[in-house]
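These are the residues of each chain, in order.
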Amino acid sequence: MRVVVFFCACIVVLAGCGEEIRHDQPITLGTLHQAEALFGLSYTDTEGELALADLVDQREGYAALRALDLPNGVHPAMVFRPFPSGWEMPAIGPGPRWTDFGNVARPDDLERLAFASVGELSVLLDRRLVTSEELTRMFLARLRTYGPELECVVTLTEELALDQARRADREIAAGRRRGPLHGVPYGVKDLLAVPGYPTSWGAMPYKDQVIDDTATVVARLEAAGAVLCAKLTLGALAMGDVWFGGTTRNPWNLEEGSSGSSAGPASAVAAGLVPFAIGTETWGSIVSPATRCGVTGLRPTYGRVSRAGAMALSWSMDKIGPMARSVEDCALVFDVIRGSDGLDPTLVDASFSYDPDLDWAGLRIGYLADLFAEERDGKTLDDVALETLRALCWSRGAELVPVSLPERDAMPIALMLSVEAAAAFEELTLSGRDDELVRQGRWAWPNTFRTAQLVPATAYVQASRARTLLIEEMSALFETVDLYVCPSFGGQNLLVTNLTGHPCVVTPNGFTADDSPHSWTFVGGLLDEATIMAVAKVWQDATGWAGMHPPRYESGS
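In this text the structure is predicted, and so the values were computed from the model without any measurement. (Residues numbered from 1 in each chain as written. Predicted model: local features only at pLDDT ≥ 70, side-chain atom pairs only at ≥ 80, totals over all residues. Heavy atoms only, no water.)

### Observations regarding the environment of Arg465
Inclusion rule: Put simply, DSSP H or I for four residues or longer makes a helix, DSSP E for two residues or longer makes a strand, and each gets a number counted from the N terminus. N or O atoms closer than or at 3.5 Å make up a polar contact, with two conditions inside protein: a donor-capable atom paired with an acceptor-capable one, and, for residues adjacent in sequence, both atoms drawn from side chains.
Note on placement: Arg465 falls in helix 16 (residues 457-477). Linking Arg465 and Thr531, residues 66 residues apart in sequence, is a C-alpha distance of 30 Å. Only 2.9 Å separates the side chain of Arg465 from the side chain of Gln462, close enough to count as a polar contact.

### Looking at the nonpolar core
Using the following cut-off: The term nonpolar core refers to a set of buried residues drawn from Ala, Val, Leu, Ile, Met, Phe, Trp, Tyr and Cys, joined through side-chain atoms within 4.5 Å. Each residue is assigned to one of three classes by its accessible area relative to the maximum for its type, calculated with a 1.4 Å probe on protein chains only: buried under 20%, partly exposed between the two thresholds, exposed over 50%. Whether two residues touch is decided by their heavy atoms; if any such pair falls within 4.5 Å, the residues are in contact.
Leu237 and Phe276 are the most contacted members of the largest nonpolar core, which has 149 residues in total. The biggest single contributor to this core is helix 18 (residues 529-543), with eight residues. Non-local contacts of Leu237, meaning those with residues more than four positions away in its chain, are made with Trp201, Ala203, Tyr206, Met311, Leu313, Phe425, Leu428, Leu437, Trp445 and Phe449.

### Describing helix 3 (residues 45-66)
Where we set the bar: An expected span of 1.5 Å times one less than the residue number is assigned to each helix. In this analysis the local bend is the angle between axes fitted, respectively, to the seven residues ending at and the seven residues starting at the residue.
The first and last C-alpha atoms of helix 3 sit 31 Å apart over 22 residues, in line with the 32 Å expected at 1.5 Å per residue. At Leu52, helix 3 shows its largest bend, some 35°. Those residues of helix 3 not exposed but buried are Gly48, Ala51, Leu52, Leu55, Arg59 and Tyr62.

### Side note on the side chain of Ser326
By secondary structure assignment, the location of Ser326 is in the loop between strand 10 (319-324) and helix 10 (327-337). Engagement of the side chain of Ser326 in a polar contact is seen with the backbone nitrogen of Asp329, the distance being 3.1 Å. Once residues within four sequence positions are removed from consideration, Ser326 is found in contact with Thr296 and Gln540.

### What about helix 6 (residues 158-173)?
Owing to its 3.6 residues per turn, the α-helix brings residues three or four apart onto one side. Under the 1.5 Å per step criterion, the end-to-end length of helix 6 is 22 Å for 16 residues, consistent within 8% with the ideal 22 Å. Along helix 6, the residues that are buried comprise Ala161, Leu162, Gln164, Ala165, Ala168, Asp169, Glu171 and Ile172. In this structure, the buried side of helix 6 is in contact with helix 4 (118-126), helix 5 (132-150), helix 7 (216-223) and strand 3 (227-232). At the C-terminal side of helix 6, Gly175 shows a positive phi close to 85°.

### Quick look at unusual backbone geometry
Following Gly260, the chain continues to Ser261 via a peptide bond in cis, the omega torsion being 10°. Considering the arrangement of structural elements, one finds Ser261 in the loop between strand 7 (253-257) and helix 8 (263-270). Even without glycine at this site, Leu237 takes up a positive phi of about 55°. Mapped onto the elements of the fold, Leu237 is located in the loop between strand 3 and strand 4 (242-243). By relative accessible area, Leu237 is classed as buried at 0%.

Structural measurements only, silent on function.
In structure tokens, the structure reads:
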């Protein structure tokens, strides 16, 4: 409380006199009482007089902390774990199984592979019907052609991509196949470090920043033989679709943004500029742009994928996951990027026993009945999706049951994100360089960072304790079902599951009346990406929505 009282006192004095606050400005009983009003506190004069000397000492401590060199990638000593009390790690299971894509032919026009799945490209490369260099040049050309109008590319990594593609071709020709991603091009959200290229975080103050580290996700994809073609846009500091170079566009409707903050990955995948891309989510940053652009996205369990070399926004909420054409494409990528690396202290190792032929017999699949009942845009699409799932459950021996989220209001807990983000970018706030960010206003980061400086430390701790209760309540829900489905938006599901670290798969389920893509979401138990992906794949294959692409970007259009 006393930490915040000083901050508040500064704000009150600043507002009252219009003068710049000096770090040596006396802290008086009057400023303390003014600060109390902001937090609903009431101290007597005696209590206040007793606190003044401590407040001066604490102010000196704040100055010492601010003088420390704390790079964005330094984790707090407190490590968040999303597991409820009594949690036991799942037993080690078999590795994933992949679909047999059978005979895949090379088209006369190579650009017709712009919308091929990762699995199909993998077969073509493995059989040497195409070369990685051919594919890489084709996707680089599409990135150059369409990237500017979509405003989805920050930096082309052309030299690196061609080197990686030629190496992949040599290895494949020599029979040294690294796996299904060997030779497949891709892009990454530009908050992942790649040596020799800017890592801009989408924000003007960092647009020329070069980080001489390789993000673990990028290193693992390189080890798997994948080919990095581009660093793709994100809303500045991982909010929205507005970055220092413009607004990333939705390929289905160039008049609107692609949503965010994984704006570039969603836009580029939807337009066939890359077969898959890496996005991140803290509170909807994979789900929202995947919905807007009509692609499939996986938000893994918190602690499944290393964030080493990634911009930190919220150490207890950030997650990294793939965005691609289909559920199985996401599974192929996830299997490569998951697992501990000795750098990210939140990571856990667990099996990924994905099986596209999963036996549904005995599965209990929930649906959030109250959200499906609400009137909203896309309700008809969600209802049809649910009926298709109901029919699949009936034919495959699974049970579809109504469930509800915990009654607890999760919004007060969300202050943890704001506080962690304000800490991650405190230097930006204190230096005044937050004025360089394109977006300003009440809901933009500069204001959020400033106001979060006034959150009491006790409130952050209390929010964390409430989060513990929410984790326990969600654990009780997953004692009744193996997974559940829900509209991608509405209610508090998106916030709740980001706070509790549960994985989800978002997949297109049709088009609204104005021809905009729409989606729904499969949510799974902790570390159980395999089940939600297997079930989502069956539903996706039964509907065909994932095969739809914006006509403007089809070959020859």
